[in-house]
Every structure is written in structure tokens, then in C-alpha cells.
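Summary of structural features
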Amino acid sequence: QEQLVESGGGLVQAGGSLRLSCAASGRTFSNYAMGWFRQAPGKERELVAAISDRNSTYYADSVKGRITISRDAAKNTVYLQMNSLKPEDTAVYYCTADQSILMVVAGTGDYWGQGTQVTVSS
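In this report, the structure presented in the accompanying data block is examined. Counting starts from 1 at the beginning of each chain's written sequence and moves along it residue by residue. Given that this is a predicted model, residues contribute local features only at a pLDDT of at least 70 and side-chain atom pairs are listed and counted only at 80 or more, while totals for whole chains, interfaces and linings are drawn from all residues. In computing side-chain properties, one takes all heavy atoms of the structure into account and sets aside hydrogens as well as water.

**Looking at the state of the cysteines**
Any cysteine sulfur atom paired with another within 2.5 Å is treated as part of a disulfide. Across all of its chains, the model carries one disulfide by this definition. Here Cys-22 is linked by a disulfide to Cys-95, with a sulfur-sulfur distance of 2.1 Å. Around the S-S axis, the bridge from Cys-22 to Cys-95 shows a dihedral of about -80° and counts as left-handed. Here Cys-95 lies in strand β9 (residues 91–98) and Cys-22 lies in strand β3 (residues 18–25), a separation of 73 residues in the sequence. For helices the rule is a DSSP run of H or I covering at least 4 residues; for strands it is a run of E covering at least 2, with both sets numbered from the N terminus onward.

**Points about the packing of aromatic side chains**
Ring pairs shown here join Phe, Tyr and Trp side chains whose ring centres sit within 6.5 Å, with only the six-membered ring taken for Trp; geometry is labelled stacked below 30 degrees between planes, edge-to-face above 60, and tilted in between. By the definition in use, this model includes four aromatic pairs. On the basis of an interplanar angle of 85° and a centroid distance of 5.5 Å, the ring pair of Phe-29 and Tyr-111 is categorised as edge-to-face. Taken together, the residues Phe-29 in the loop between β3 and β4 (33–39) and Tyr-111 in strand β10 (residues 111–112) connect sequence positions 82 residues apart. Each residue's exposure class comes from its accessible area (1.4 Å probe, protein chains only) as a fraction of the maximum for that residue type: buried when under 20%, exposed when over 50%, partly exposed otherwise. On the basis of relative accessible area, Phe-29 is assigned to the buried category, the value being 1%. Owing to a relative accessible area of 19%, Tyr-111 belongs among the buried residues under this scheme. Within the aromatic cluster, the residues linked to one another by ring pairs are Phe-29, Tyr-32 and Tyr-111. Whether a charge lies above a ring is judged from NZ of Lys or CZ of Arg, which has to be within 6 Å of the ring centre and within 35 degrees of the ring normal. Above the ring of Tyr-94, the side-chain terminus of Arg-45 is found at 4.1 Å from the ring centroid. Positioned above the aromatic ring of Trp-112, the side-chain terminus of Arg-45 is 4.7 Å from the ring centre.

**Here we look at the side chain of Asn-76**
Mapped onto the elements of the fold, Asn-76 is located in the loop between β7 (67–72) and β8 (77–82). Of the polar contacts made by the side chain of Asn-76, one reaches the backbone oxygen of Arg-27; its length is 2.8 Å. We call two residues in contact when some of their heavy atoms are within 4.5 Å. Here Asn-76 is in contact with Cys-22, Ala-23, Ala-24, Ser-25, Arg-27, Thr-28, Phe-29 and Ser-30, once residues within four sequence places are set aside. Definition of a polar contact: a pair of N or O atoms within 3.5 Å, with one able to donate and the other able to accept a hydrogen when the atoms are protein atoms, and with sequence-neighbouring residues admitted only if both atoms are side-chain atoms.

**A closer look at the sheet that holds β7**
Pairing between two strands requires that DSSP report at least two bridges joining them. Strand order in the open sheet made by the four strands is β1-β3-β8-β7, with antiparallel pairing throughout. Of all the strands in the sheet, just β1 (3–7) and β7 have a single pairing partner and so form its edges. If you compare each strand with its neighbour and ignore which way they point, the axes differ by 15° on average. Taken together, the six bridges between β3 and β8 define a ladder with antiparallel strand orientation. Bridge pairing links Ala-23 to Thr-77 in β8. Geometry is summarised by axes, namely lines fitted to C-alpha atoms with helices restricted to the contacting stretch, and by angles between N-to-C directions that run from 0 to 180 degrees.

**A look at the environment of Gly-16**
Mapped onto the fold, Gly-16 is located in the loop between β2 (10–13) and β3. Considering only alpha carbons, one finds Gly-16 and Leu-85, 69 residues apart in sequence, at a separation of 5.5 Å.

Listed below in C-alpha cells is the structure:
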């Protein structure tokens, strides 16, 4: 059974850093596009970043320059390095995967994790 499991969330002060991990299992995801979404209380889920199977990357304007998505195919894992965190980055962060980068970016990927909470204090 395919599964995505996020980790690395937590509480951090503004200006700090966190690295989220999304470990995939049940199949090889190296030929899948993967991405990170986030959802803050009372807000819609939004794309943070995505990476294609060929390692092309896409970022929301609000995180460009602060957040980097990467993947380790051998470990079947995708990462989200978040620097210079702001209180507005506070949200539950979700990992997603699909064979199509368009589906990932659209938020309609086949696979989703359960999410990890990121809280940035001011």
C-alpha cells in the first residue's frame, strides 16, 4: 500500500529554519512528481512547492528565496528546507505525489500524507 509520511514539523521562532521530510513507501516514487501544500486555520490549502520527476521545481511566490524543495530518489524521500520562517508560514504541511506535475500543482494528486504541523512564533 502506497503511503506518504511527513516529519520534521515543530515550533520555531521567526527567522528560524526547519526541514520537512516526506518518506514514501509502497512503491518507487522516483518517476512521480511530488509537492508540498500547506493549510492554515481558516484558509484554503495552498501550494508551497513542487518538484517533477526530472527535478524541475516550482514555488509559490510567497516562499521563493526562502524555501527549497529537493528529493532523494534512492531514499524515496522529498524534502522541504524552510529558512527565514515567518509567522504567516504557520500551517499544517502536506506532502503529495502524482505521476503528473500538473496534478500535483493543482492539488489533485493521487497520494497525500497526513500532514505535519509547523508553528512559527513571533
